[in-house]
Amino acid sequence: MDPLEKIKPADGRPILLWGARQLGLSIFGSLTRLGLEAEAFVDSSPDARRGPVMGRRVLAPEEALALNPRPFVIICSSVFQNEIAAACQAGGLAEGRDFMAATDLQKCSWFVDVAGSCNLKCVSCPRGNLPPERQPRPGFMAPDSYTALLDKILAEDPFTGVINLYSWGEPLLHPKLPEIIGLTRQKGLSAAVSSNLSFRLDFEEVIKAGPDYFRVSASGWGENYEQTHAGGDWALFMENLARLKQWRAAHRPQMQVEMNFHIYKNRADDYRRMKDYCREAGFIFRAGHGMLNPLDNVARLMDGQELTPEARLSISLQAFPVEKGLARLAEIKGRPCPFESIMDVGWDGRVNHCQAWFDPETPNLADDFNAATLDEMLAKRLGSSFCQKCRSRLLHLWCGVYGDEGLTAESVADHG
Ligand code: SF4
Ligand code: SF4
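Within any chain, residue numbers begin from 1 and follow the written order of that chain's sequence. Working convention: letters from A go to chains and numbers from 1 go to ligands, in the order in which they are written. Per-residue local features of the predicted model are confined to residues with pLDDT of at least 70, and side-chain atom pairs are confined, for both listing and counting, to 80 or more; whole-chain, interface and lining totals are unaffected and use all residues. Water and hydrogen atoms play no part in the side-chain values, which are based on all heavy atoms of the structure.

Caption draft 1: The arrangement of the site of ligand 2 in detail. For ligand 2, the full set of nearby residues is Cys 337, Phe 339, Glu 340, Cys 354, Trp 357, Phe 386, Cys 387, Cys 390, Arg 391 and His 396. In the shell around ligand 2, the residues fall into seven nonpolar, one polar and two charged. Here, proximity means that at least one heavy atom of the residue falls within 4 Å of the molecule or strand. Polar here means any residue other than Ala, Val, Leu, Ile, Met, Phe, Trp, Tyr, Cys and Pro, which are nonpolar, and Asp, Glu, Lys and Arg, which are charged; Gly is therefore polar.

Here's what the structure looks like:
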């Protein structure tokens, strides 16, 4: 089937992408590759609206719904899909005729952990809070394997627009990352990178290679940062942020840089300082509550099993306590699982069952991405007892609780 058939109702109307994060960028990229243009993005976050994204305006929801002629909206958020659909309906748009979900176009968001290791040991991350025997084998994906994977993705999921070159690894450690970004762009896809930028590495060639999206993570200011981004070096991090700004201006001005800030207890001042810094630097600032990862740990917590000292430290520093997080799960139980539409491919080609679980013994969807079709892997996941158990305990909603920007803004009394 011609992939454009799926988006026929949009014919001749302005197309709006509701959600200016990875999924929005991915759909933007696929529309462009297929010869269609998105008119603008829509996002409820005031920070996301501070500047253009991929050269397009970012509208507030009320502006989008007031447009005349009536736009065609593609919902580009898997976590808040139901809420956005309800807002569209309340604004007089009808499902199918005026809006659809990106997940009806693109089967999956693709995360490829091209570098299967990290230089840090953040307390909230499995790299820092799971013991060595529960860490997967480190390594780097070879460019040839990566090319084969891209060909498979484009054949089986032609609406893919972005390849996220990370999952639980630090992609800038990959010595051939510029080549990998180049291969991505040669196929008409955008490349997204997420880095801790807390190392002594020259990454100018990475920026020259032309990623479209560059995410940086932080969790505090000064010493606080070094506590939760364990192993990180604040001075080096700030130097690298300045380099990122400088090299973006020199080589890739359209690249979107997003600061993904994790809030921990008593760090409202850190939040404000980083937000101001990002405004000054022209980076998008997004914040969520720091949370215990991965779901392996949350399940152990629910079962009253022992956690590592690092996982316990992560819990003790949380601004939104785990008790509140667990209680909130029941309040949002109607939300879809955001991980069902994510394909997480390791550096060695293994397709993980789910990005939110980490233990190497977690079942996988395929030992190698070539060993099964995408539809087979999706069906395997959907029908699995592993997912059933996860959903029955509402574990699949954990990240939605802590990523809720409204809750986060409340806890640091940020009124815009
Ligand atoms: S930088 Fe990212 S991948 Fe590395 S330890 Fe921290 S959270 Fe995990
Ligand atoms: S239900 Fe759980 S295991 Fe399955 S995809 Fe969602 S988060 Fe992952």
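Caption draft 2: Just the environment of Leu 329, in detail. Secondary structure elements are defined from DSSP: runs of H or I of at least 4 residues count as helices, runs of E of at least 2 residues count as strands, and each element is numbered from the N terminus. In this fold, Leu 329 is placed in helix H13 (residues 322–331). Exposure is judged per residue with a 1.4 Å probe applied to protein chains only, and the accessible area is read against the type maximum: over 50% gives exposed, under 20% gives buried, and values in between give partly exposed. Exposure remark for Leu 329: the relative accessible area of 3% places this residue in the buried category. In the structure, Leu 329 is positioned 71 residues away from Gly 400 in sequence and 8.8 Å away in space, judged by C-alpha atoms. Other than its neighbours up to four places away in sequence, Leu 329 contacts Met 302, Arg 393, Leu 394, Leu 397, Trp 398 and Val 401. Whether two residues are in contact is decided by their heavy atoms: any pair within 4.5 Å suffices.

Caption draft 3: Structural context of the pairing of strand S10 (residues 256–263). Most of S10 is tucked away, with seven of its eight residues classed as buried. Relative to S10, strand S9 (residues 213–218) runs parallel, the two being bridged by six bridges. In the sheet register, Val 216 faces S10, and the bridge partner there is Met 259. Each parallel crossover has a hand, and the one from S10 via helix H10 (residues 268–281) to strand S11 (residues 284–289) is right-handed. Any two strands are treated as partners once DSSP identifies two or more bridges connecting them. Seen with its strands pointing away from the viewer, a crossover is right-handed when the path leading from the first strand over the helix to the second is clockwise.

Caption draft 4: Region of the structure containing the sheet that holds strand S6 (residues 109–112). An order of S11-S10-S9-S8-S7-S6-S12-S13-S14 is seen for the nine strands of this open sheet, with the pairing classed as mixed. Every other strand in the sheet has two partners, leaving S11 and strand S14 (364–366) as the edge strands with one partner each. Where S10 and S11 come together, six bridges link them in parallel fashion. For Glu 258, the partnering residue across the bridge sits in S11 and is Ile 284. As a rule, the C-alpha atoms of each element are fitted with a line to give its axis, helices using only the stretch in contact, and angles between N-to-C directions run from 0 to 180 degrees. In this fold helix H1 (residues 22–33) packs onto S6, strand S7 (162–164), S9 and S10, with an angle of close to 140° to the strand it touches most, S7.

Caption draft 5: Structural context of the side chain of Gln 106. As for its position among the elements, Gln 106 is in the loop between strand S5 (99–101) and S6. Overall, Gln 106 belongs to the buried group, its relative accessible area being 2%. There is a polar contact of 2.4 Å between the side chain of Gln 106 and the backbone oxygen of Cys 108. If sequence neighbours within four positions are ignored, Gln 106 has contacts with Leu 23, Ser 26, Ile 27, Asp 157, Phe 159, Thr 160 and Gly 161. Counted as a polar contact is a pair of N or O atoms within 3.5 Å, where, for protein atoms, one must be capable of donating a hydrogen and the other of accepting one, and residues adjacent in sequence contribute only when both atoms are in side chains.

Caption draft 6: Just the site of ligand 1, in detail. Close to ligand 1 lie Cys 118, Leu 120, Cys 122, Cys 125, Arg 127, Trp 168 and Asn 196, which account for all nearby residues. Its residues placed into classes, the shell around ligand 1 shows five nonpolar, one polar and one charged.

Caption draft 7: Here's a closer look at unusual backbone geometry. Residue Asn 68 is joined to Pro 69 through a cis peptide bond whose omega torsion reads 5°. Within the fold, Pro 69 resides in the loop between helix H2 (61–65) and strand S4 (72–75). Cis geometry is adopted by the peptide bond preceding Pro 294, which originates at Asn 293 and carries an omega value of -20°. Looking at the element boundaries, Pro 294 is found in the loop between S11 and helix H11 (295–302). Its identity as a non-glycine residue notwithstanding, Asn 266 has a phi of 60°, on the positive side. For Asn 266, the location among the structural elements is in the loop between S10 and H10.

Caption draft 8: The arrangement of the pattern of salt bridges in detail. A pairing counts as a salt bridge when a side-chain nitrogen of Lys or Arg comes within 4 Å of a carboxyl oxygen of Asp or Glu. Inspection of every chain in the model, using the stated rule, returns 23 salt bridges. Among the ionic pairs, Arg 56 bridges to Glu 37, the shortest N-O distance being 3.4 Å. Highlighted residues: Arg 56 in the loop between strand S2 (40–42) and strand S3 (58–59) and Glu 37 in the loop between H1 and S2, separated in sequence by 19 residues. The class for Arg 56 is partly exposed, based on a relative accessible area of 21%. Owing to a relative accessible area of 61%, Glu 37 belongs among the exposed residues under this scheme. With a shortest N-O distance of 3.8 Å, Arg 328 and Asp 404 are connected by a salt bridge. Pair noted here: Arg 328 is in helix H13 and Asp 404 is in the loop between helix H16 (398–402) and helix H17 (405–411), with a separation of 76 residues, a long-range link. Assessed through its relative accessible area of 11%, Asp 404 is described here as buried.

Caption draft 9: Spatial organisation of H10. Between its terminal C-alpha atoms H10 stretches 20 Å, which fits the 20 Å expected from 14 residues at 1.5 Å a residue. Taken as a whole, H10 has its buried residues at Asp 270, Tyr 271, Met 274, Lys 275, Cys 278 and Ala 281. For H10, the buried positions fall inside an angular range of 130° around the axis, keeping them on one side. The outward face of H10, more than 90 degrees from its buried face, is lined by the exposed residues Asp 269 and Glu 280. Next to the buried residues of H10 lie S9, helix H8 (223–228), helix H9 (234–251), S10 and S11. One or two residues past the end of H10 sits Gly 282, with phi positive at roughly 80°. Expected span of a helix, by definition, is 1.5 Å for each gap between consecutive residues, and there is one gap fewer than residues. Each direction from the helix axis to a C-beta atom contributes to the arc, which is the arc of those directions.

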